[in-house]
Amino acid sequence: MDLSTSGGPEDLDELSEFDDEAVPEDFDPFAFENTLTPADSEMAELFDRVADAAEDDRQTPEVTDEDYEPETRWIVMRLKRHIKVLTSKGSSQESRWRAVQWLFVNGAKDAKGVSFHLSCEALSCRPEVVQLRTMYELWLRDAPLHRSLPLLSDRIPAEIGDMVFHAFPQYRKAEQVAADLWQYPGMPFAEAVEACRNHGQAPQLLDEMIARGVVGVTGTGDAMRCFLIGANPTQLSIAKRRVFTWPMLFT
């Protein structure tokens with residue numbers, strides 16, 4: 001499969017290579033406590049997830065780069081590299097923004113001519129699942145963006161909008177508030193409250209989204225930031241956490 005694309009957004013410059021000095025060679029942005037056991041190997045590999053022996057005594061084989069054919073392995077490594085740069089506070093703002101464009105703007109290519117959406121197609125995984133999973137990592141690592149996603153970026157997945165709509169039936173425009181939060185990963189809390197009001201919704205909607213794990217919050221006071229994460233596996237029981245996978249939110 002040819003992973004380069006033609007006819008992408010004309011006003012997007014080709015993404016240049018990452019700043020190598022921004023991310024140490026041994027940097028692992030997912031080396032924190034386990035919060036889920038993904039069932040699909042492609043997602044597990046992208047986010048370097050393994051089962052926590054303290055919570056799950058099943059023998060879960062580790063998936064590594066060597067488990068892929070050479071052409072597929074190269075795609076996985078590129079995806080991991082972009083995600084690591086985006087979710088690392090040590091990356092320069094320029095490098096993070098290039099990773100944002102690559103992950104969220106359909107047709108954007110990196111310096112190797114690789115497209116995110118076609119990479120996902122080659123790995124048989126859905127782009128929107130990886131995007132939502134990346135939002136979750138941004139929240140876990142308290143790595144907010146400092147501006148909204150690009151104008152041409154992918155909008156909130158329809159499945160997530162529908163899930164929010166049905167989860168909060170007393171708020172007629174809850175999915176529109178969720179769409180605003182998707183567009184700004186790490187939106188300041190005060191702006192999130194204002195987004196509720198702009199859509200004619202009481203600010204209590206935000207509190208309920210946080211309580212249900214649909215929205216994650218970092219910081220305190222004026223430094224509070226909001227992320228649309230869809231689900232918070234850390235709030236699940238161990239039994240439910242063991243079977244939770246991110247694609248489940250899209251079924």
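For the structure itself, look to the data block above.
About the cut-offs
- Residues numbered from 1 in each chain as written.
- Predicted model: local features only at pLDDT ≥ 70, side-chain atom pairs only at ≥ 80, totals over all residues.
- Heavy atoms only, no water.
- Pairing = 2+ DSSP bridges.
- Helix = DSSP H or I, 4+ residues; strand = E, 2+ residues; numbered from the N terminus.
- Contact = heavy atoms within 4.5 Å.
- Polar contact = N/O pair within 3.5 Å; in protein donor to acceptor, adjacent residues only side chain to side chain.
- Disulfide = S-S within 2.5 Å.
- Buried < 20%, exposed > 50% of the residue type's maximum accessible area, 1.4 Å probe, protein only.
- Salt bridge = Lys/Arg side-chain N within 4 Å of Asp/Glu carboxyl O.
- Axes fitted to C-alpha atoms, helices over the stretch in contact; angles between N-to-C directions.
- Nonpolar A, V, L, I, M, F, W, Y, C, P; charged D, E, K, R; others polar.
- Core = buried A, V, L, I, M, F, W, Y, C linked by side-chain atoms within 4.5 Å.

Student: Would you explain the sheet that holds strand β2 (residues 215–218) in this entry?
Tutor: Each strand in a sheet pairs with another by means of backbone hydrogen bonds, the pair being arranged parallel or else antiparallel. If you walk across this open sheet you meet the 3 strands as β1-β3-β2, and the pairing is antiparallel. Strand pairing shows two members of the sheet lacking a second neighbour, β1 (187–188) and β2, which therefore form its edges. In terms of strand pairing, β1 meets strand β3 (residues 225–228) through 2 bridges, oriented antiparallel. Residue Pro188 lies in a different strand from β3, and its bridge partner there is Arg225.

Student: Is there a simple way to think about the environment of Gln183 in this case?
Tutor: Mapped onto the elements of the fold, Gln183 is located in helix α7 (residues 174–183). Separated by 29 residues in the primary sequence, Gln183 and Asp154 have C-alpha atoms spaced 8.8 Å apart. Setting aside its immediate chain neighbours within four residues, Gln183 contacts Ser148, Leu149, Pro150, Ser153, Asp154 and Arg155. Side chain to side chain, Gln183 and Ser153 meet in a polar contact 3.5 Å long.

Student: Would you explain the state of the cysteines in this entry?
Tutor: Any covalent bond linking the sulfur atoms of two cysteines counts as a disulfide. Taken as a whole and assessed by the stated rule, the structure comprises 0 disulfides. Looking at the unpaired Cys125, the closest cysteine sulfur is the one in Cys120, lying at 4.1 Å. Cys226 carries a free sulfur, and the closest cysteine sulfur to it, the one in Cys196, is 8.7 Å from it. For Cys226, a relative accessible area of 0% translates into the label buried.

Student: How do you make sense of the pattern of salt bridges when you look at a structure like this?
Tutor: Side chains that differ in sign of charge can pair as their charged atoms come close. Using the criterion set out here, one finds 5 salt bridges in the structure. Across the pair Asp110 and Arg78 runs a salt bridge, and its minimum N-O distance is 2.8 Å. With Asp110 in the loop between α3 (93–104) and α4 (116–122) and Arg78 in helix α2 (residues 70–87), the pair connects residues that are 32 residues apart, well separated along the chain. There is no split in this pair, since Asp110 and Arg78 are both buried. Here Arg126 ties to Glu159 by a salt bridge, and the two come within 2.7 Å at their closest N and O atoms. Of the two residues, Arg126 is situated in the loop between α4 and α5 (127–140) and Glu159 in helix α6 (residues 158–167); the sequence distance between them amounts to 33 residues. Judged by relative accessible area, which is 27%, Glu159 ranks as partly exposed.

Student: For this particular structure, what's the right way to read the environment of Cys196?
Tutor: Here Cys196 lies in helix α8 (residues 189–198). The class of Cys196 is buried, set by a relative accessible area of 0%. It is 8.7 Å that separates the C-alpha atoms of Cys196 and Lys173, two residues lying 23 residues apart in sequence. Once residues within four sequence positions are removed from consideration, Cys196 is found in contact with Val177, Gln201, Ala202, Pro203, Leu205 and Leu206.

Student: Looking at this structure, I do not really get the packing of α8 against helix α9 (residues 204–211). What am I missing?
Tutor: Angle between the axes and distance between the axes are the two parameters that describe a pair of packed helices. Where α8 meets α9, the axes come as close as 8 Å, and the angle between the chain directions of the two elements is 115 degrees. Counted together, Phe189, Ala192, Val193 and Cys196 of α8 and Leu205, Leu206, Asp207 and Ile210 of α9 form the full contact between these two elements. For the contact of α8 with α9, the per-class residue count stands at 7 nonpolar, no polar and 1 charged.

Student: Hey, could you run me through the nonpolar core in this one?
Tutor: General note: in soluble globular proteins, nonpolar side chains tend to be found buried as a group. Core analysis: the biggest nonpolar cluster contains 57 residues, and Phe168, Leu181, Met209 and Leu228 have the highest contact counts within it. Looking at this core element by element, the count peaks at 7 residues for α5. Every residue in contact with Met209, bar those within four places of it in the chain, is listed here: Val164, Phe168, Ala174, Ala178, Leu181, Val214 and Val215.

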